[in-house]
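Results of the structural survey
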Amino acid sequence: MRYWMMIFLFCFSAVSTAEQQPDANQQLDELIFNDPDSPRMGAKHPRLTIVSFTDYNCPWCKKFDPMLEKIVHDNPDVQLIVKLLPFRGESSMASARVALTAWRTMPDKFWALHQRLMTKKGNHDAASILAAQQKTATTGITPDAKSQQSLQMNLILSQVLGIQGTPATIIGDQMVAGAIPQADLEALVKEQLAKSDAQ
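Residues numbered from 1 in each chain as written. Predicted model: local features only at pLDDT ≥ 70, side-chain atom pairs only at ≥ 80, totals over all residues. Heavy atoms only, no water.

Looking at an unreviewed UniProt entry, one finds the chain named DsbA family protein, with Leclercia pneumoniae as its source organism.

Remarks on the sheet that holds strand S4 (residues 168–171)
Pairing is mixed in the open sheet, where five strands are placed in the order S1-S3-S2-S4-S5. Looking along the sheet, the strands with just one partner apiece sit at the ends: strand S1 (40–42) and strand S5 (174–177). For this sheet the average axis-to-axis angle between neighbouring strands, irrespective of direction, equals 15°. Sheet topology note: the strand S2 (residues 48–54)/S4 ladder contains four bridges and is antiparallel. Bridge assignment links Phe53 to a residue of S4, and that residue is Ala168. The sheet strands contacting helix H3 (residues 59–74) are S1, S2, strand S3 (78–84) and S4, and the helix crosses S3 at an angle near 155°. With respect to the sheet, helix H7 (residues 145–161) is in contact with S2, S3, S4 and S5, its orientation differing from that of S3 by roughly 105°. (Pairing = 2+ DSSP bridges. Helix = DSSP H or I, 4+ residues; strand = E, 2+ residues; numbered from the N terminus. Axes fitted to C-alpha atoms, helices over the stretch in contact; angles between N-to-C directions. Contact = heavy atoms within 4.5 Å.)

Some words on the nonpolar core
Judged by nonpolar contacts, the single largest core of 38 residues is most densely connected at Ile50, Val78, Leu80, Leu84, Ile171, Leu185 and Val189. Residue assignment for this core shows that the elements contributing at least two residues are S2, H3, S3, helix H4 (90–105), helix H5 (107–119), helix H6 (126–135) and helix H8 (182–198). With seven residues, H4 is the largest single contributor of residues to this core. Apart from the residues lying within four places of it in its own chain, the contact partners of Ile50 are Leu68, Ile71, Val78, Gln79, Leu80, Ile81, Thr169, Ile170, Ile171 and Val189. Counting 12 residues, the second largest nonpolar core, distinct from the first, contains Leu31, Val51, Met153 and Ile163. (Core = buried A, V, L, I, M, F, W, Y, C linked by side-chain atoms within 4.5 Å. Buried < 20%, exposed > 50% of the residue type's maximum accessible area, 1.4 Å probe, protein only.)

Description of the environment of Ala131
Mapped onto the secondary structure, Ala131 falls in helix H6. When the C-alpha atoms of Ala131 and Leu117 are compared, they prove to be 9.3 Å apart, with 14 residues separating the residues in sequence.

Let's talk about the packing of aromatic side chains
Applying the stated criterion across every chain yields a total of two aromatic pairs. When the ring of Trp103 is compared with that of Phe110, the centres are 5.6 Å apart and the planes differ by 75°; the resulting orientation is edge-to-face. Owing to a relative accessible area of 15%, Trp103 belongs among the buried residues under this scheme. Its relative accessible area of 0% is what places Phe110 among the buried residues. Ring geometry for Phe110 against Trp111: centres 4.9 Å apart, planes inclined by 80°, an arrangement best described as edge-to-face. For the pair shown, Phe110 and Trp111 are each scored as buried. (Phe/Tyr/Trp six-rings, centres within 6.5 Å; stacked < 30°, edge-to-face > 60°.)

Some details on the pattern of salt bridges
Inspection of the entire model under this criterion finds five salt bridges. Two residues, Asp144 and Arg104, come together in a salt bridge whose shortest N-O distance is 2.4 Å. With Asp144 in the loop between H6 and H7 and Arg104 in helix H4, this pair connects stretches of sequence that are 40 residues apart. Here Lys195 and Asp173 are joined by a salt bridge, their closest N and O atoms 3.0 Å apart. With Lys195 in helix H8 and Asp173 in the loop between S4 and S5, the pair connects residues that are 22 residues apart, well separated along the chain. (Salt bridge = Lys/Arg side-chain N within 4 Å of Asp/Glu carboxyl O.)

Next comes the structure, spelled out in structure tokens:
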């Protein structure tokens, strides 16, 4: 109940008066960047944080996600946060719930499962999700209510931020809609890192 009250208060504050706007922005930043239920990798004290809104059934996400992970591996001052958005049917929801439960209960196995779910061509079904779990030794995971709540929060955040499809990626002060070429991604990351140094 307390979680849903927080959602209500967040939505209320997001449309509050200009006088209250700084508090709403701070709360929004907390939900985007500091939610412990959102998987993350890379720097613990980053100069730049990338937030990826993604879907295991999205063909463009399957191409873009490995590029984001490469950015993190190549830049030790960058952190990647994953916000799963089940935009593409029931199997989007099912695969995302398995992954988020893995993040909370078996965090050392999450990235292997995440990568396996991202490599599936086409949409997932129950068999492909189970196969990904079998390959990553996560078959003991049963999606719980917390995973459902996390996805509901991500969907609310997507509405607040105006995200209409995946992938959608926050890189510093830029929102990138869709997948962009690796060279453009690397250039944007360099630009945003330079901005963080100048501040």
